[in-house]
Amino acid sequence: MIIKYYGVRGSLPTPGKETIKYGGNTTCLSIRAGGRQYIVDGGSGLRLLGNDLMPQAFGKGKGEAVFFWTHYHWDHLQGFPFFIPNFIPGNQFTHYGPPRLAEILKRQQEFITFPVEFDKMPSQHTFKEVKPGQSLSVDDLVVTSCAMSHPGGGNMYRFAQGARSFVLATDFEHSEDGWNQDVLKLCQGANLLIFDAQYTPEEYAQGRKTWGHSTWAKGIELAQTAGVRQLHFFHHDQMHSDRFLERKILAPARKLFPRAELAREGWEVTI
Ligand SMILES: [Zn+2]
Ligand SMILES: [Zn+2]
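Residues numbered from 1 in each chain as written. Chains lettered and ligands numbered in written order. Predicted model: local features only at pLDDT ≥ 70, side-chain atom pairs only at ≥ 80, totals over all residues. Heavy atoms only, no water.

1. Some details on the coordination of the zinc ion (ligand 2)
Now for step 1: Within the protein, the zinc ion (ligand 2) binds to H71 (NE2), H73 (ND1), H150 (NE2) and D171 (OD); these donor distances fall in the range 2.1 to 2.3 Å.
Now for step 2: Classification of the site at the zinc ion (ligand 2) rests on its four donor atoms, whose angles at the metal span 90 to 171°, yielding the label irregular.
Now for step 3: The distance between the zinc ion (ligand 2) and the zinc ion (ligand 1) comes to 3.5 Å, and D171 binds to both of them. With a gap of 77 residues between them, H73 in the loop between β4 (64-68) and β5 (92-97) and H150 in the loop between β8 (141-147) and β9 (155-161) connect regions that are remote in the sequence.
Now for step 4: Accessibility expressed as a relative area gives 30% for H73, which makes it partly exposed.
Now for step 5: Accessibility expressed as a relative area gives 10% for H150, which makes it buried. (Donors = N, O, S within 2.8 Å, 3.2 Å for Na, K, Ca; no water. Tetrahedral: all angles 85-135°; square planar, octahedral: opposite > 155°, others 65-115°. Helix = DSSP H or I, 4+ residues; strand = E, 2+ residues; numbered from the N terminus. Buried < 20%, exposed > 50% of the residue type's maximum accessible area, 1.4 Å probe, protein only.)

As structure tokens, then:
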């Protein structure tokens, strides 16, 4: 599996010189596995992924991709109307996600909010609901979901191909009363955990409980408890500069978990 980060920011795109190293686009991941293109979430980073796909089959209307959607907050949807392969006749997309997926994507592209309505796009879209705890296969990729603790709910996913796997646990708030067994099971033995480390433990304690996000320290705790070797901090807060991420998140985290990394836009990771 080859994962590429196209958007690692949480909540809102943050262009500017203070975020240029780790990137300002919101959640979008590309996964290449078994010759197939998968896409997780359609934050503003999806625009760049669409541009990268255009020189290939997607530019000729012969592209096929499978989307997995975690939930429907703006920062995970807002790139979809700017995904150019949507506008090439013949391209086909299958969308897996929580309930109401088609309705929400169509609402984002009503004429009053975007000039091209969803149903007027010339590409083909198929929708399939994924329930928490469900496992499904696309070719040899096995995807397992787990309910995430986040306002409005949604799915976290484990992606596995043979013995290799990673978990995307973003927009996820830990419980103060120990780890949920479903979350532990999802993460158990994964090669990589991509974890919502939006806050420092100090920020979290200062009025950010119930906001639906977690901390780098909880990411380390989960990785160690579930036996995960590699940990990437993800969903960087819109207020955190590159300097802040390195000094206040990466530096203290590496003292406890040397293999911790900050997810960075444009970074390609092979599992
Ligand atoms: Zn988010
Ligand atoms: Zn969210």
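2. Here's the deal with the layout of surface pockets
Now for step 1: Of the volumes computed, that of the largest pocket is approximately 280 Å³.
Now for step 2: Every residue lining the largest pocket is counted, 19 residues in all, and those nearest its centre are C146, A147, N180, D182 and V183.
Now for step 3: Its residues assigned to classes, the lining of the largest pocket comprises eight nonpolar, eight polar and three charged.
Now for step 4: By volume, the second largest pocket is sized at about 150 Å³.
Now for step 5: Together, I2, I3, K4, Y6, S30, R32, Q37, L49, D52, L53, Q56 and E268 line the second largest pocket.
Now for step 6: Contributions of two or more residues to the lining of the second largest pocket are made by β1 (2-7), β2 (28-33) and α1 (46-53).
Now for step 7: Of all the elements, β1 adds the most residues to the lining of the second largest pocket, at four residues.
Now for step 8: When the residues that make up the lining of the second largest pocket are grouped by side-chain class, the tally is five nonpolar, three polar and four charged. (1 Å grid on protein atoms, 1.4 Å probe; cavity = no way out; pocket = protein on both sides within 12 Å on 5 of 7 lines; lining within 4 Å. Points joined across faces, edges and corners; volume = space filled by probe spheres on them. Nonpolar A, V, L, I, M, F, W, Y, C, P; charged D, E, K, R; others polar.)

3. What about the coordination of the zinc ion (ligand 1)?
Now for step 1: At 2.1 to 2.2 Å from the zinc ion (ligand 1) lie its protein donor atoms, namely D75 (OD), H76 (NE2), D171 (OD) and H235 (NE2).
Now for step 2: Taken together, the four donor atoms coordinating the zinc ion (ligand 1) and their angles of 93 to 163° define a geometry best described as irregular.

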